[in-house]
Amino acid sequence: MQVVLRHKQKLSSIITICMVVVVVLVCVRLGFWQLERGEKKQQQLTAIAQIQTHGVMSWSQLLNLPKQWNKTGVLVELKGTLLSEHYWLLDNQVYNGQVGYDLLALLKPNNDMRAVLVNLGWVRAPLSRDILPTVVMPQGEFTVKAQIKENNLSSFTLEDKTASGDLPKRIQSIDLSFIKSQTNIPLVNFMAYRQGEGDEMAIPHYKAVVMSPQKHNAYALQWFLIAFSCVVVAIFASKKRTKNEK
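Just so it is clear, the structure is predicted and the values come from calculations on it, not from any experiment.

K.L.:
Lay out the nonpolar core with the relevant residues and their values.
P.N.:
Core analysis: the largest hydrophobic core is formed by 29 residues, its most contacted members being Leu62, Leu78, Leu103, Leu107, Val116, Leu120 and Met137. Listing elements by their share of this core, those giving two or more residues are α2 (59-63), β2 (75-95), β3 (98-109), β4 (115-124), β5 (141-150) and β7 (187-194). Considering each element in turn, this core owes the most residues, five residues, to β2. In this structure valine 116 touches Trp59, Leu78, Ala105, Leu106, Leu107, Pro109, Val188, Phe190 and Ala192, once residues within four positions along its chain are discounted. Of all hydrophobic cores here, the second largest spans 17 residues; its members include Trp88, Leu104, Leu106 and Leu153.

As structure tokens, then:
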């Protein structure tokens with residue numbers, strides 16, 4: 001009987017050790033993952049700060065940048081015409097705790113046959129999902145200071161390929177090729193996000209980096225502390241069990 005009991009206790013100890021090892025390894029891996037994300041965010045912020053030392057560029061200056069450059073973070077002054085019949089409402093956008101949409105529209109810069117998709121900012125959602133916000137687009141020449149975002153546009157979400165009906169419509173994820181096919185208007189391969197104060201049309205709220213490197217480092221520390229706590233608890237539990245067995 002004692003042999004069976006000891007065998008069960010030994011098996012239980014092995015299972016406990018394995019569980020502790022797995023939890024510790026997972027927590028440590030998550031901690032290093034957060035450190036990696038924090039480092040990448042810092043590199044992104046440094047790159048944006050460096051590119052913004054060029055100041056606010058004109059549209060022609062932006063297009064004359066080397067093609068191999070990632071234009072993310074470039075500040076540009078856009079002058080042209082908003083194509084008021086071509087705009088979309090990007091769903092599920094939160095600003096100051098309120099749910100709404102981001103207003104996206106095509107702007108045709110002066111002296112260019114192509115258009116650029118511009119995020120004009122946040123608009124409040126009506127109480128009913130069956131009703132879309134009323135949007136009044138400015139007429140005539142429109143000037144806006146904007147920050148460029150190139151690559152990984154889908155992470156900001158604007159694509160509802162099942163949508164039907166006339167423009168404008170509610171959309172869920174960003175897909176420039178879909179917008180191009182829907183409008184038959186040639187587009188540049190990047191987006192612009194309006195900067196500055198809000199107005200009656202929309203409230204700009206875009207941030208290139210949402211979570212700071214410091215927050216990622218704080219999360220990493222939390223995961224490392226959880227791993228350390230698991231080890232400490234396991235050691236004390238093991239000592240207590242050994243003492244009880246004696």
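K.L.:
Pulling in residues and values, what's your account of the pairing of β7?
P.N.:
The element β7 is largely enclosed, with a buried count of seven among its eight residues. Here β4 pairs with β7 via four bridges, running parallel. Within β7, the position partnered with asparagine 119 by the bridge is tyrosine 193. Where β5 and β7 come together, five bridges link them in antiparallel fashion. Within the sheet, the bridge partner assigned to lysine 149 lies in β7 and is methionine 191.

K.L.:
Requested: an account of the environment of glycine 38, with residues and values cited.
P.N.:
Along the polypeptide, glycine 38 turns up in helix α1 (residues 2-51). Using a relative accessible area of 3% as the deciding quantity, one classes glycine 38 as buried. Sequence-wise, glycine 38 and asparagine 217 are 179 residues apart; in three dimensions their C-alpha atoms are separated by 6.1 Å. Setting aside anything within four residues of it in sequence, one finds glycine 38 in contact with Pro213, His216 and Asn217.

K.L.:
Give a detailed account of the packing of aromatic side chains, specifying residues and quantitative values.
P.N.:
Scanning all chains against the criterion turns up four aromatic pairs. Summarising the aromatic geometry, the rings of tyrosine 95 and tryptophan 122 are spaced 5.4 Å apart at their centres and angled 40° between planes, so their arrangement reads as tilted. With tyrosine 95 in strand β2 and tryptophan 122 in strand β4, the pair connects residues that are 27 residues apart, well separated along the chain. Its relative accessible area of 24% is what places tyrosine 95 among the partly exposed residues.

K.L.:
Describe the environment of glutamine 222, listing the residues and the values that go with them.
P.N.:
Mapping glutamine 222 onto the fold places it in helix α4 (residues 213-245). Taking relative accessible area as the criterion, glutamine 222 reaches 45% and is therefore assigned partly exposed. Note: C-alpha distance between glutamine 222 and glycine 31 (191 residues apart in sequence) is 7.6 Å.

K.L.:
Report on helix α3 (residues 176-183), specifying residues and quantitative values.
P.N.:
Residues separated by three or four positions in an α-helix point in the same direction, a consequence of the helix having 3.6 residues per turn. The complete set of buried residues in α3 reads Leu176, Phe178, Ile179 and Thr183. With its buried residues spanning 160° around the axis, α3 presents them on a single face. Buried residues in α3 make contact with β2, β3, β4 and β7.

K.L.:
Would you mind going over the state of the cysteines in detail, with residue names and values included?
P.N.:
Taken as a whole and judged by the stated rule, the model has zero disulfides. With no disulfide of its own, cysteine 27 lies 5.4 Å from the sulfur of cysteine 230, the closest cysteine sulfur. Classification of cysteine 27 by relative accessible area gives buried; the value is 5%.

K.L.:
How would you explain a nonpolar patch on the surface if you had to name every residue and give the values?
P.N.:
Together, Ile17, Val21 and Leu25 line one region of the surface with nonpolar side chains, adding up to about 290 Å² of accessible area. If you trace the backbone, leucine 25 turns up in helix α1. Leucine 25 sits in the exposed class, given a relative accessible area of 57%.

Reading the values: the criteria
Residues numbered from 1 in each chain as written. Predicted model: local features only at pLDDT ≥ 70, side-chain atom pairs only at ≥ 80, totals over all residues. Heavy atoms only, no water. Core = buried A, V, L, I, M, F, W, Y, C linked by side-chain atoms within 4.5 Å. Buried < 20%, exposed > 50% of the residue type's maximum accessible area, 1.4 Å probe, protein only. Helix = DSSP H or I, 4+ residues; strand = E, 2+ residues; numbered from the N terminus. Contact = heavy atoms within 4.5 Å. Pairing = 2+ DSSP bridges. Phe/Tyr/Trp six-rings, centres within 6.5 Å; stacked < 30°, edge-to-face > 60°. Arc of directions from axis to C-beta. Disulfide = S-S within 2.5 Å. Patch = residues over 30% accessible without salt bridge, like charges linked within 9 Å, V, L, I, M, F, W, Y side chains within 5 Å. Areas by Shrake-Rupley, 256 points an atom, 1.4 Å probe, with all protein chains shown as cover. Salt bridge = Lys/Arg side-chain N within 4 Å of Asp/Glu carboxyl O.

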